[in-house]
Amino acid sequence: MLFVIRQMLVFLRPCRGVAVVFLFVFAIENIVISLAPLSFQFMIDYAIIPQDRGAFSLILIILSTAGLVGVCAGLASDRLLAHISAVVQRNLRARLFTGMQRLDLERYGANRTGEHVARFTVDLPAIESAMAMLMTIGLQSLIVVAFSTAVLFTLQWSMALVILAGACLIYMGPFLLGKRATTAFTAYRNDVDRMAGDVQENARGQLVIQGFSLQNEAIRRFTLGLQQLFRSHYRKNVMGASLDRLPMISLLLVNFTMIGFGSYLALTERITLGAMVAFFTIYTSMGNAVYNLTAVAPSFTGAKVSLDRILELLNQPPAKESEQIKIPQLSHCPEIAADKLIFGYPGQEPLLQGVSFTIEAGSSVAFVGPSGSGKSTLLHLIMGLRQPNGGRITIDGEDLSSLNAEAYRKCIGAVFQDSFLFRASVLDNIRIAKPEATLQDVMEAAEQADIHEFIASLPNGYDTLVSEDGGNLSGGQKQRIAIARALVRQPSLLLLDEVTSALDPISEAAVNATIQKLSGSRTVVIVTHRLEAITGVDQIFVMNEGRLMESGRHSELMNKGGLYKFMREQQTAVK
Ligand SMILES: Nc1ncnc2c1ncn2[C@@H]1O[C@H](COP(=O)(O)OP(=O)(O)OP(=O)(O)O)[C@@H](O)[C@H]1O
């Protein structure tokens, strides 16, 4: 609980001025509420029993003035709290999203997409609700308890002492259950995350699911997952209810004790009737406040779990201190060299095993080889998206790990196997690679990618909205827009991973001709299975099972009679 409160205070720092004003008005409202029961004592002992109408009017005037002040303070505190809550959530959302953008592929891939989404849809609201609880019920209860305790001690100290002992008893339950409750809440939240990931995957895979009639299988798997969620949900609810119930039982016990003890004191005339009524009224509101404080516990336990998950992301070490890293001064066409590269995905055997090569400045090269031989992984390493476990990559002689990644990648135009498009206009999808590009630049890039005519034929031309994940475009159209996006940058290094796999032969020929033209003025690295398309490149690297088997020009490799010749002949035979 203390951890949650401390973190919330950290989140509140940016709006500490408003928070202080809030505290002030909120305190006024609650002091009025805490002191109101004293009016019973004054009414009974000074107005009703002595039949004093003057005192009656005076007490009434004071009471209504205090009431008015309390109401105004309450209205003001509502607005201030709404502001604070919105500011904290806005800041947290921004920090969380920024944190996600700073993750490298390894750390990003450690969670499923649904889990990242759940941080926004489940964890942030849990923190918001706990913060609202803390700043309303929590604060209110604290103020009421503090003032009531002080007043009770002035009215009758021995009864006040009994109440204090009772309050300790009330908090005992939540204190003892704390750890087990956190475990139950964490398990539940993880299962909810898993389910969010499943639903997300199901939504993305609807074409495959419907195409293969996998609905029943999808329901079966989902139901299996639900069983686990059901169990953790049940445990979490039982814990939540126990956190609620134990204090209530303790409160009942204290109530009975107080009624007996208070009545005994009145009976033996150690307390006046007015004081006793005031005492019990204050005690009741104090009892409610103490109970409310314990009722905050379940939401705090949930918030602690959410906080852990959010802080895990926020406290990730930054990728690199960019100031200490060199801004690359890439020549127009960089030379890329790899020296004994070793790389393996986390928890797996090394995939790349001592790969060395040199790609000369301004040359065009192709990496070919069987599926899974590590070609795309190599491209990721060249881009600095993943770090080698051994060996190194140099760009124009500079170690890639010593270069400023952001500046380096700005010199690269990359087209990945998955031609991901954003939900934005075609124009913005291309221009995102170079925000300062003019419409003319974009159209030229689209022409080079052989997609200009298609875009121009759309009802809204370049302003046509691409739906989520490019759903309203064919695979080939998406691929060519992705190529245009890479070309608009006029990059000094062009990386193309299977960029013509979804193209018809005519478009493929057009795109290949463009790539051919571009090489010479920049360094071009192609990954492809289409061996026919790379006959003209300066050098071909043949990969197999994470090793570089052979390299050379097309004619050299054909003369060698190795894996390349074999693959080439296989493809020709299939045709
Ligand atoms: N993100 C990842 N996490 C774990 N393993 C991965 C990941 N990406 C790829 N792999 C594994 O690495 C191996 C090489 O994959 P990679 O995509 O580099 O091969 P490739 O030669 O480009 O294959 P293809 O020609 O089919 O695209 C594969 O066996 C794959 O299982």
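Residues numbered from 1 in each chain as written. Predicted model: local features only at pLDDT ≥ 70, side-chain atom pairs only at ≥ 80, totals over all residues. Heavy atoms only, no water.

## Describing helix α7 (residues 157–204)
Argument step 1. Helix length check: α7, at 48 residues, gives a terminal C-alpha distance of 67 Å against a target of 70 Å (1.5 Å per residue), a fit within 8%.
Argument step 2. The largest bend in α7 comes to about 55°, at Gly178. (Helix = DSSP H or I, 4+ residues; strand = E, 2+ residues; numbered from the N terminus. Expected span 1.5 Å × (residues − 1). Bend = angle between axes of the 7 residues up to and from the residue.)

## Concerning the pattern of salt bridges
Argument step 1. Per the counting criterion, the structure on display carries 15 salt bridges.
Argument step 2. Lys410 is the salt-bridge partner of Glu406, the closest N and O atoms lying 3.7 Å from each other. Residue Glu406 and its partner Lys410 are both found in helix α12 (residues 405–410); the two are separated by four residues, about one turn of the helix.
Argument step 3. A salt bridge links Arg553 to Asp538; the nearest nitrogen and oxygen atoms lie 3.5 Å apart. On the criterion of sequence distance, the pair formed by Arg553 in the loop between β10 (547–552) and α18 (554–560) and Asp538 in the loop between β8 (523–527) and β9 (539–544) is long-range, its members being 15 residues apart.
Argument step 4. Judged by relative accessible area, which is 40%, Arg553 ranks as partly exposed.
Argument step 5. Connected through salt bridges with shared partners, the residues Asp123, Arg189, Asp193 and Arg309 form a single ionic network. (Salt bridge = Lys/Arg side-chain N within 4 Å of Asp/Glu carboxyl O. Buried < 20%, exposed > 50% of the residue type's maximum accessible area, 1.4 Å probe, protein only.)

## Here's the deal with the packing of helix α2 (residues 16–35) against helix α4 (residues 53–102)
Argument step 1. For the pair α2 and α4, interaxial distance at closest approach is 8 Å and the crossing angle is 150°. The crossing of α2 and α4 is left-handed. Mapping the contact onto sequence places Val18, Ala19, Val21, Phe22, Val25, Phe26, Ile28, Glu29 and Val32 in α2 and Ala66, Gly67, Val69, Gly70, Ala73, Gly74, Ser77, Leu80, Leu81, His83 and Ile84 in α4.
Argument step 2. Residues that form the contact of α2 with α4 fall into these classes: 14 nonpolar, five polar and one charged. (Axes fitted to C-alpha atoms, helices over the stretch in contact; angles between N-to-C directions. Left-handed = near helix turned anticlockwise from the far one by under 90°. Contact = heavy atoms within 4.5 Å. Nonpolar A, V, L, I, M, F, W, Y, C, P; charged D, E, K, R; others polar.)

## Observations regarding the side chain of Asp191
Argument step 1. Residue placement: Asp191 occurs in helix α7.
Argument step 2. For Asp191, a relative accessible area of 7% gives the class buried.
Argument step 3. Non-local contacts of Asp191, meaning those with residues more than four positions away in its chain, are made with Gln228, Leu229 and Ser232.

## Some remarks on the environment of Arg568
Argument step 1. One can find Arg568 in helix α19 (residues 563–574).
Argument step 2. Taking C-alpha positions, Arg568 is 7.9 Å from Glu532, a pair spaced 36 residues apart along the chain.
Argument step 3. The residues touching Arg568, leaving out its near neighbours within four places in the chain, are Leu531, Glu532, Thr535, His554 and Met558.
Argument step 4. Here His554 takes part through its side chain, which lies 3.3 Å from a polar atom of the side chain of Arg568. (Polar contact = N/O pair within 3.5 Å; in protein donor to acceptor, adjacent residues only side chain to side chain.)

## Re the sheet that holds β8
Sheet strands pair via backbone hydrogen bonds, and the direction of the pair is either parallel or antiparallel.
Argument step 1. Taken together, the six strands give an open sheet; going across it, the order is β6-β7-β8-β3-β9-β10, and neighbouring strands pair in mixed fashion. Pairing within the sheet leaves two strands with one partner each, and these edge strands are β6 (412–415) and β10. Neighbour-to-neighbour, the strand axes of this sheet turn through a mean angle of 15°, independent of strand direction.
Argument step 2. Of the pairings in the sheet, the one linking strand β3 (residues 364–368) to β8 comprises four bridges and is parallel in character. Its bridge partner lying in β8, Ser364 is registered against Val524. (Pairing = 2+ DSSP bridges.)

## Observations concerning the confidence of the model for the protein chain
Argument step 1. Of the residues in the protein chain, 96% have a pLDDT of 70 or more, and the chain-wide mean is 85.
Argument step 2. Across the predicted assembly, pTM comes out at 0.69 and ipTM at 0.96. (pLDDT = per-residue confidence, 0-100.)

## Here's the deal with the UniProt feature "transmembrane region" (unreviewed entry) in the protein chain
Argument step 1. Mapped onto this structure's residue numbering, the UniProt feature "transmembrane region" (unreviewed entry) falls at residues 20–44, 56–76, 132–153, 159–177, 246–267 and 273–294.
Argument step 2. Within residues 246–267, the helical portion is 100% and the strand portion 0%, while the C-alpha atoms at the span's ends are 32 Å from each other.
Argument step 3. Along residues 273–294, the helical share is 100% and the strand share 0%, with 31 Å between the first and last C-alpha atoms. (UniProt positions renumbered as here; feature names shortened; annotations may be inferred.)

## Some remarks on the pairing of β3
Argument step 1. Burial runs high along β3: five of the five residues are buried.
Argument step 2. Covered by surrounding structure in β3 are Ser364, Ala366 and Val368 together with Val365 and Phe367, the residues of both alternating faces.
Argument step 3. In terms of strand pairing, β3 meets β9 through four bridges, oriented parallel. What sits directly across from Phe367, in β9, is Phe541.

## Digging into the pairing of β10
Argument step 1. The pairing of β9 with β10 spans five bridges and is antiparallel. Bridge pairing links Met543 to Leu548 in β10.
Argument step 2. A loop of two residues connects β9 with β10, the two strands running antiparallel in sequence, and Glu545 in this loop sits at a positive phi of about 45°.

## With respect to the sheet that holds strand β5 (residues 398–399)
Argument step 1. The sheet built from four strands is open, its strands ordered β2-β1-β4-β5 with antiparallel pairing. Each of the sheet's edge strands pairs with one partner strand only, and the pair in question is β2 (352–359) and β5.
Argument step 2. Where strand β4 (residues 390–395) meets β5, two bridges bridge the pair, whose relative direction is antiparallel. By the bridge assignment for β5, Ile395 is matched with Glu398.

## Examining unusual backbone geometry
Argument step 1. Here Lys340, not a glycine, exhibits a phi torsion of approximately 45°, which is positive.
Argument step 2. Tracing the chain through its elements places Lys340 in strand β1 (residues 336–343).
Argument step 3. Look at Asp450: it is not a glycine, yet its phi comes out positive at around 60°.
Argument step 4. Checked against the element boundaries, Asp450 lands in the loop between α14 (439–448) and α15 (452–457).

## Section: the side chain of Arg309
Argument step 1. Positionally, Arg309 belongs in helix α10 (residues 273–314).
Argument step 2. Exposure remark for Arg309: the relative accessible area of 9% places this residue in the buried category.
Argument step 3. Side-chain polar atoms of Arg309 contact the side chain of Asp193, separated by 2.5 Å.
Argument step 4. Once you skip the residues sitting within four places of it in the chain, Arg309 turns out to touch Ala118, Arg119, Asp123, Arg189, Asn190 and Asp193.

## Topic: the nonpolar core
Argument step 1. Judged by nonpolar contacts, the single largest core of 43 residues is most densely connected at Ile430 and Ile534.
Argument step 2. At six residues, the largest contribution of residues to this core is made by helix α16 (residues 475–487).
Argument step 3. Counting residues in hydrophobic clusters, the runner-up holds 35 residues, among them Phe11, Phe22, Ile143 and Leu313. (Core = buried A, V, L, I, M, F, W, Y, C linked by side-chain atoms within 4.5 Å.)

## So, the site of the ligand
Argument step 1. Around the ligand, the surrounding shell holds 14 residues, and the nearest of these are Ser371, Ser376, Thr377, Gln417 and His529.
Argument step 2. Within the side chain of Ser371, an N or O atom sits 2.4 Å from an oxygen atom of the ligand.
Argument step 3. Interatomic distance of 2.7 Å between a side-chain N/O atom of Gln417 and an oxygen atom of the ligand.
Argument step 4. Relative to its free-state accessible area of 630 Å², the ligand is covered by the protein chains to the extent of 63%.
Argument step 5. Of the residues assigned to the shell around the ligand, the class counts are three nonpolar, nine polar and two charged. (Near = heavy atom within 4 Å. Areas by Shrake-Rupley, 256 points an atom, 1.4 Å probe, with all protein chains shown as cover.)

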